[in-house]
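# Summary of structural features
Chain by chain, the residues:
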Amino acid sequence: MNLPEQSAPENIFQALYSKSVLKQVVYSKTLEVFNVFRETALGISDEFAEFEVSLPRQIPFEFTDRGPFEFEIHFGGDILIFMMHTNVFEFSRYHEVMKTPYVMDDKERSYCGLINIYNFLADSFKYNRLNDLGYMIGRIFVNKEQNYFIEGKREIGFLYTNFGSVTLDEQRVRQILLSAVMYTLNFDLLTPPFDEVKEVRVSDMLATIDALRIRTGKRLGFKFQADKE
């Protein structure tokens with residue numbers, strides 16, 4: 001029985017090599033971009049420290065490096081966590097990105113690394129409130145050519161149609177970081193509906209205030225989708 005031509009060992013080996021090299025290139029580009037995010041975030045933190053000198057009160061704006069694939073910015077009562085995924089992703093054939101001329105000309109351009117941006121309340125970590133909620137406010141896709149697009153809320157969002165027309169450089173990274181901070185500052189903590197918090201277990205009340213399990217989140221009890229673009 002003869003195998004189909006595409007199943008011949010040499011074709012399989014070539015496909016394995018080509019796909020692996022592509023993913024390595026995408027991974028390297030994404031890591032390079034992530035390190036630019038890291039250095040830029042640190043620089044913004046230093047800028048705020050200089051700005052804060054003349055202010056009557058000290059407000060935190062701190063950068064914390066949490067390893068090669070994660071860092072956080074703590075400002076005011078919020079924390080932004082930037083996390084790079086170590087895998088490379090492909091989009092569904094039905095995704096809008098796949099319909100762009102940029103990707104249709106070269107399908108390999110649709111393979112992307114991923115950087116996620118999460119927003120948490122600083123007190124959630126400070127008081128070890130494990131039931132508190134965080135929100136993904138944006139995710140950044142980077143391909144082999146260091147072109148990118150962003151899925152996100154409001155000013156963080158980026159149109160698919162621009163994919164292929166811009167690359168991530170220091171200026172755009174800074175703009176994304178500042179936009180994420182500004183969006184977070186405007187994304188206020190809302191009180192949950194009364195009926196959702198009117199009952200409290202005895203075990204919760206007997207615990208210390210630092211360990212209260214009354215879950216807190218900026219939109220607890222409200223649909224996040226209501227925060228329209």
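Residues numbered from 1 in each chain as written. Predicted model: local features only at pLDDT ≥ 70, side-chain atom pairs only at ≥ 80, totals over all residues. Heavy atoms only, no water.

As a further point, take the pattern of salt bridges. Opposite charge on two side chains permits pairing when their charged atoms draw close. Under the counting rule described, the total for this entry stands at 11 salt bridges. The salt bridge partner of Lys107 is Glu90, with a shortest N-O separation of 2.6 Å. Of this pair, Lys107 sits in the loop between helix H2 (101-105) and strand S4 (113-121) while Glu90 is found in the loop between strand S3 (78-84) and H2, placing the two residues 17 residues apart along the sequence. Residue Lys99 pairs with Glu96 through a salt bridge whose shortest N-O separation is 3.3 Å. (Salt bridge = Lys/Arg side-chain N within 4 Å of Asp/Glu carboxyl O. Helix = DSSP H or I, 4+ residues; strand = E, 2+ residues; numbered from the N terminus.)

Let us now look at the sheet that holds strand S1 (residues 61-65). Sheet strands pair via backbone hydrogen bonds, and the direction of the pair is either parallel or antiparallel. The six strands lie next to each other as S1-S2-S3-S4-S5-S6, forming an open sheet whose pairing is antiparallel. In this open sheet, the two edge strands, each paired with only one partner strand, are S1 and strand S6 (148-152). On average, each strand axis in the sheet is inclined to that of its neighbour by 15°, with strand direction left out of account. Bridge count for S1 against strand S2 (residues 70-75) is five bridges, and the pairing is antiparallel. Bridge pairing in S2 links Thr64 to Glu72. Here helix H1 (residues 9-52) sits on the sheet and contacts S1, S2, S3, S4 and strand S5 (135-142); the angle it forms with S1, its principal contact strand, is near 145°. (Pairing = 2+ DSSP bridges. Axes fitted to C-alpha atoms, helices over the stretch in contact; angles between N-to-C directions. Contact = heavy atoms within 4.5 Å.)

Among the nonpolar cores identified, the biggest contains 30 residues, and Phe37, Phe82, Ile140 and Leu168 are the most heavily contacted of them. Looking at this core, the elements with two or more residues in it are H1, S1, S2, S3, S4, S5, S6 and helix H4 (170-186). Per-element accounting of this core gives the leading share, six residues, to H4. Excluding its chain neighbours within four sequence positions, the residues that come into contact with Phe82 are Phe34, Phe37, Phe69, Glu70, Phe71, Ile73, Asn116, Ile117 and Leu177. Counting residues in hydrophobic clusters, the runner-up holds 10 residues, among them Tyr102, Val103, Cys112 and Phe149. (Core = buried A, V, L, I, M, F, W, Y, C linked by side-chain atoms within 4.5 Å. Buried < 20%, exposed > 50% of the residue type's maximum accessible area, 1.4 Å probe, protein only.)

Before going further, it helps to examine the pairing of S5. Of all eight residues in S5, six are buried, a share of seventy percent or more. For S4 and S5, the ladder comprises seven bridges, and the chain directions are antiparallel. Its bridge partner lying in S5, Asn119 is registered against Tyr135. Linkage of S5 to S6, two consecutive antiparallel strands, is achieved through a turn of five residues, within which Gln146 is found at a positive phi near 65°.

Glancing now at the environment of Arg139. Relative to the assigned elements, Arg139 resides in strand S5. For the pair Arg139 and Phe149, spaced 10 residues apart in sequence, the C-alpha to C-alpha distance is 8.6 Å. If sequence neighbours within four positions are ignored, Arg139 has contacts with Leu114, Ile115, Asn116, Phe149, Ile150 and Glu151. Within the structure, Arg139 has its side chain in polar contact with the side chain of Glu151 (distance 2.7 Å). (Polar contact = N/O pair within 3.5 Å; in protein donor to acceptor, adjacent residues only side chain to side chain.)

On to a nonpolar patch on the surface. A contiguous nonpolar surface patch, about 260 Å² in accessible area, is contributed by Tyr17, Val21 and Val25. A relative accessible area of 34% places Val25 in the partly exposed class. (Patch = residues over 30% accessible without salt bridge, like charges linked within 9 Å, V, L, I, M, F, W, Y side chains within 5 Å. Areas by Shrake-Rupley, 256 points an atom, 1.4 Å probe, with all protein chains shown as cover.)

The next point concerns the environment of Phe63. With respect to the helices and strands, Phe63 occurs in strand S1. For Phe63, a relative accessible area of 18% translates into the label buried. C-alpha of Phe63 to C-alpha of Ile44: the two residues are 19 residues apart in sequence and 8.8 Å apart in space. Apart from the residues within four sequence positions on either side, Phe63 is in contact with Arg38, Ala41, Leu42, Ser45, Phe71 and Glu72.

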